[in-house]
Amino acid sequence: TLMIFSWTHSLADENTLCLPHEEVYFSCRSSGKTISLCASGNISPDNGYVRYRFGAINNIELEFPKKSLPPRKIFYISEIHEGNISSTHLKFQAGRYNYVLYQGDISGIYVKRNYKTVSNRMCDLGSVQRLNHRAFRGIQTVAPIDGIDD
């Protein structure tokens, strides 16, 4: 039984790229990579920081932003409603790319450049840690943006 517990514990650790002192706002596995949104001290859009990380524990391929900055004017949340389907989008812009972490019946992240989708990574089934409700306190909520949230 102890061996099963240890295996489960190490597997859980691999499902996030957040550091031990950070709060996990969202995390999932996607085809051997991990998508994580991490925060520390983020009690409002003007406090603490939020960071997006993508890759593996020993190989972070993208971390945004590089510095620990409050999330105002960096990260945004939008609620999307289309007919009977609802989802939450958490988005940011890095260079000429727009990143949209989406959560609904299906979760993942898509990337757009010039309003065209250049990548869409869906989370593996069973690996999604749902968007932490505290993200809504610490990240500014905005209306959906045409060309980005669709």
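Conventions adopted
- Residues numbered from 1 in each chain as written.
- Predicted model: local features only at pLDDT ≥ 70, side-chain atom pairs only at ≥ 80, totals over all residues.
- Heavy atoms only, no water.
- Pairing = 2+ DSSP bridges.
- Helix = DSSP H or I, 4+ residues; strand = E, 2+ residues; numbered from the N terminus.
- Core = buried A, V, L, I, M, F, W, Y, C linked by side-chain atoms within 4.5 Å.
- Buried < 20%, exposed > 50% of the residue type's maximum accessible area, 1.4 Å probe, protein only.
- Contact = heavy atoms within 4.5 Å.
- Disulfide = S-S within 2.5 Å.
- Phe/Tyr/Trp six-rings, centres within 6.5 Å; stacked < 30°, edge-to-face > 60°.

**Looking at the pairing of strand 9 (residues 116-122)**
Argument step 1. For strand 8 (residues 108-113) and strand 9, the ladder comprises six bridges, and the chain directions are antiparallel. Bridging from a neighbouring strand, Val111 pairs with Ser119 of strand 9.

**Considerations on the sheet that holds strand 6 (residues 85-94)**
Argument step 1. Judged by pairing direction, the sheet is mixed, and its six strands sit side by side in the order 9-8-7-6-5-10 without closing on themselves. The sheet terminates laterally at strand 9 and strand 10 (140-141), the two strands that pair on one side only.
Argument step 2. For strand 5 (residues 75-82) and strand 10, the ladder comprises two bridges, and the chain directions are parallel. Within strand 10, the position partnered with Tyr76 by the bridge is Gln140.

**Some words on the nonpolar core**
Argument step 1. With 24 residues, the main nonpolar core has Phe26, Ile35, Leu37, Tyr52, Phe75, Leu90 and Ile139 as its most contacted residues.
Argument step 2. Beyond its immediate stretch of four places on either side in the chain, Ile139 contacts Tyr25, Asn42, Pro45, Val50, Pro71, Phe75, Tyr76, Ile77 and Leu90.

**Quick word on the state of the cysteines**
Argument step 1. Counting across every chain of the model gives two disulfides.
Argument step 2. The side chain of Cys18 participates in a disulfide bridge whose partner is Cys38; the two sulfur atoms lie 2.1 Å from each other. Taking the torsion about the sulfur-sulfur bond, which here is approximately -90 degrees, the covalent link between Cys18 and Cys38 counts as left-handed. Of this pair, Cys18 sits in the loop between helix 1 (2-14) and strand 1 (23-30) while Cys38 sits in strand 2 (residues 33-40), and the two are 20 residues apart along the sequence. Considered together, Cys18 and Cys38 belong to a single accessibility category, that of buried residues.
Argument step 3. Across a sulfur-sulfur distance of 2.0 Å, Cys28 and Cys123 are joined as a disulfide pair. Between Cys28 and Cys123, the disulfide has an S-S torsion of -70 degrees and is therefore left-handed. Here Cys28, found in strand 1, pairs with Cys123, found in the loop between strand 9 and helix 2 (135-138); they are 95 residues apart in sequence, far enough to count as distant. Judged on exposure class, the residue Cys28 and its partner Cys123 are both buried.
Argument step 4. Cysteine pairing for the protein, with bonded cysteines counted in sequence order: 1-3, 2-4.

**Some points on the pairing of strand 7 (residues 97-103)**
Argument step 1. By the criterion of burial, strand 7 is predominantly enclosed, with six of the seven residues buried.
Argument step 2. Where strand 6 meets strand 7, seven bridges bridge the pair, whose relative direction is antiparallel. Paired with Gln93 across the strands is Asn98, a residue of strand 7.
Argument step 3. Turn length for the strand 6-strand 7 hairpin, with the two strands adjacent in sequence and antiparallel, is two residues, and the turn residue Gly95 shows positive phi of about 65 degrees.
Argument step 4. Two strands pair when backbone bridges link them, and strand 7 and strand 8 are joined in this way by six bridges, in the antiparallel orientation. From the neighbouring strand, Tyr102 faces strand 8, where its bridge partner is Gly108.
Argument step 5. Hairpin connection, strand 7 to strand 8: the antiparallel pair is bridged by four residues.

**Quick look at the packing of aromatic side chains**
Argument step 1. This structure, assessed with the given rule, holds seven aromatic pairs.
Argument step 2. Between Tyr52 and Phe92 the ring centres are 5.1 Å apart and the planes differ by 45 degrees, which places this aromatic pair in the tilted class. Placement of the pair is Tyr52 in strand 3 (residues 49-56) and Phe92 in strand 6, with a sequence separation of 40 residues.
Argument step 3. Residue class for Tyr52 comes out buried when judged on its relative accessible area of 3%.

Coordinates in, geometry out; function isn't part of it.
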